[in-house]
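# A structural walkthrough
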Amino acid sequence: MSDFEIRTLETAEHRAASNLFRESVHFPPSDDAEWEYAAQYYQPGGAIGAFDPELVGTARSFDAELTVPGGARLPMVGVTSVGVRADRTRRGVLRALMTTQLADFAARGVVFANLLATEAGIYGRYGYGLATRHRTYSVDRHRARLRPDAPAGGELELLDLGEAMAVCPGVYDGLERRPGMMSRPEVLWRLYETQLRRHTPPAKAVVHHGPGGPDGFATYHVGGALAHPWTRTLEVADLFAGSPGAFAGLWRFLLGVDLVDRVVVGSCPLDDPIELLLADHRCGSVDRIGDEHWIRLVDVPAALAGRVYGPADPVVLEVTDPLLPANGGTYRVGPDGAERTDRPAGLRLDVTTLAMMYLGTWRPSALAAAGRIEVRDPAAPEAADLLFGTGSAAWSGSHF
Ligand SMILES: CC(=O)SCCNC(=O)CCNC(=O)[C@H](O)C(C)(C)COP(=O)(O)OP(=O)(O)OC[C@H]1O[C@@H](n2cnc3c(N)ncnc32)[C@H](O)[C@@H]1OP(=O)(O)O
């Protein structure tokens, strides 16, 4: 670990860092045209590198806000573009990058760090716990009909990508957010626009207009065979709906696009009601349930105080956090909030496990049954299930 130096990268070093990351995930280096837009994703001062003295590892982050149960939006950073040169792996470079980043986040008052992991075995050791999951849902368009009692929805407006990028960010900002959703900084919209523009023809968007104005949208493209017989798939990148009418209206539109065989939504919340809208739910299928965001509670007291809790007897949690020891200690969590306490703990857990239950994705009793929580008070797991449970499944829908 002492054989290399970790420091913030200068803007002039960002391209080398980006290419190092790309090589680590087996992508080619960016050409000039690609780098022209990719450079914008590097927030000034937001990338770090490990040098030995050459650049051998890197990670970057950007600022956003995370919605927690109850609706509060708390400061988070998105962590991404993490890579170590293949000839320098397994000698502590990532550990040094992660430790440096976390100390910096804590000093800046960040409450959460979020990431999407290439492999499930990497980030738990740094306090990141799998906190949101999503599913890929596909529908056989030829068989699909919405039930006659499905909400009618409002007007739908088809936009090209340029128009969509002027409209969708505002619609997104106005939506009520589930736990796990995040603000989308402009760089993320630019990333999505670039990805959507790669399709031929470029992707489009459909916006739903409810009684109070635009309240949902979907971005999509249609790909597949160009010649008869048609085997075309409509792939949805984003689907956000602020009301039952918007959700049904958007799905009705997507299932109505001609010359399409399947409609696939890559990332849906686990509990969205599409099956309930279909007249025959067997024409739809869950293709995959997977990891979505891993979150790290950088400031445990602020994170615990920032969300609301369900009705149950209070529990006392004893939390351990070797990388950020200031988070360690006992916390009383009850329907009236959470604060530090001197009372004896009912449940003992590490900060990674706390992240897994924080947004309601994993029940404390299940984590205890799996051996991830030590139970000191036999009544505490059931009470914690009720306290940490949420009305809707945590989901982000924003990937980076
Ligand atoms: C948010 C994102 O950007 S996700 C992208 C992550 N990047 C990639 O997947 C690109 C390809 N992989 C890499 O670049 C590297 O292998 C990395 C970044 C995953 C790991 O970097 P390294 O410098 O080798 O990790 P380091 O030596 O610090 O190891 C730290 C610990 O993680 C473990 N570890 C490292 N990589 C992995 C892995 N892929 N799976 C499981 N454990 C791992 C090590 O065994 C070590 O364990 P220990 O603390 O118990 O000793």
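Residues numbered from 1 in each chain as written. Predicted model: local features only at pLDDT ≥ 70, side-chain atom pairs only at ≥ 80, totals over all residues. Heavy atoms only, no water.

For clarity, the threshold we go by: UniProt positions are given in the numbering used here, feature names are shortened, and annotations may be inferred rather than shown by experiment.
Under an unreviewed UniProt entry, the name given to the protein is GNAT family N-acetyltransferase, and the organism recorded is Amycolatopsis plumensis. Recorded in UniProt under Subunit (unreviewed entry), the annotation for the protein is "Homohexamer; trimer of dimers." In its Sequence similarities (unreviewed entry) section, the UniProt entry covering the protein states "Belongs to the acetyltransferase Eis family."

## Side note on the domain arrangement of the protein
Defined as follows: Each domain span listed reflects an automatic or database assignment of domains. Should any heavy atoms of two residues lie within 4.5 Å, those residues are considered in contact. Two parts placed together each lose some accessible area; with a 1.4 Å probe, that loss summed over both constitutes the buried area. Here, a salt bridge means any side-chain nitrogen of Lys or Arg that lies within 4 Å of a carboxyl oxygen of Asp or Glu. The way it works is that DSSP assigns letters per residue, a run of H or I at least four long becomes a helix, a run of E at least two long becomes a strand, and they are numbered from the N terminus.
According to the domain assignment, the protein contains domain 1 (5-115), domain 2 (134-291) and domain 3 (303-388). Placing a centre on the C-alpha atoms of domain 1 and another on those of domain 3 gives a separation of 30 Å. Each side of the interface is counted separately: domain 1 has 12 residues, and domain 3 has eight residues. Together domain 1 and domain 3 conceal approximately 790 Å² of surface at their shared face, both sides included; 81% is due to carbon and sulfur atoms. Three residues stand out in domain 1 for area buried against domain 3, namely Pro 69, Leu 102 and Phe 112, and they jointly supply 49% of the buried area on that side. The interface formed by domain 1 and domain 3 includes zero salt bridges. Looking at the side of domain 1 that touches domain 3, the element that brings in the most residues is helix α3 (residues 93-107), giving four residues.

## So, the UniProt feature "domain: N-acetyltransferase" (unreviewed entry) in the protein
When the UniProt feature table is mapped to this numbering, "domain: N-acetyltransferase" (unreviewed entry) covers residues 4-151. Secondary structure over residues 4-151 splits into 22% helix and 33% strand, and the C-alpha atoms at its two ends are 60 Å apart.

## Details of the environment of Leu 130
Within the fold, Leu 130 resides in strand β6 (residues 128-130). Apart from the residues within four sequence positions on either side, Leu 130 is in contact with Asp 291, Glu 292, His 293, Trp 294, Met 356 and Trp 362.

## Examining the site of the ligand
Going by this rule: For this purpose, a residue is taken to be near a molecule or strand whenever a single non-hydrogen atom of the residue falls within 4 Å of it. Each residue is assigned to one class: nonpolar for Ala, Val, Leu, Ile, Met, Phe, Trp, Tyr, Cys and Pro, charged for Asp, Glu, Lys and Arg, and polar for all the others, Gly among them.
Around the ligand sit 24 residues, and of these Val 82, Arg 90, Gly 92, Thr 118 and Glu 119 come closest. Counting residues per element, the ones that place at least two in the shell around the ligand are β4 (73-84) and α3. The element that contributes the greatest number of residues to the shell around the ligand is β4, accounting for six residues. For the shell around the ligand, the per-class residue count stands at 11 nonpolar, eight polar and five charged.

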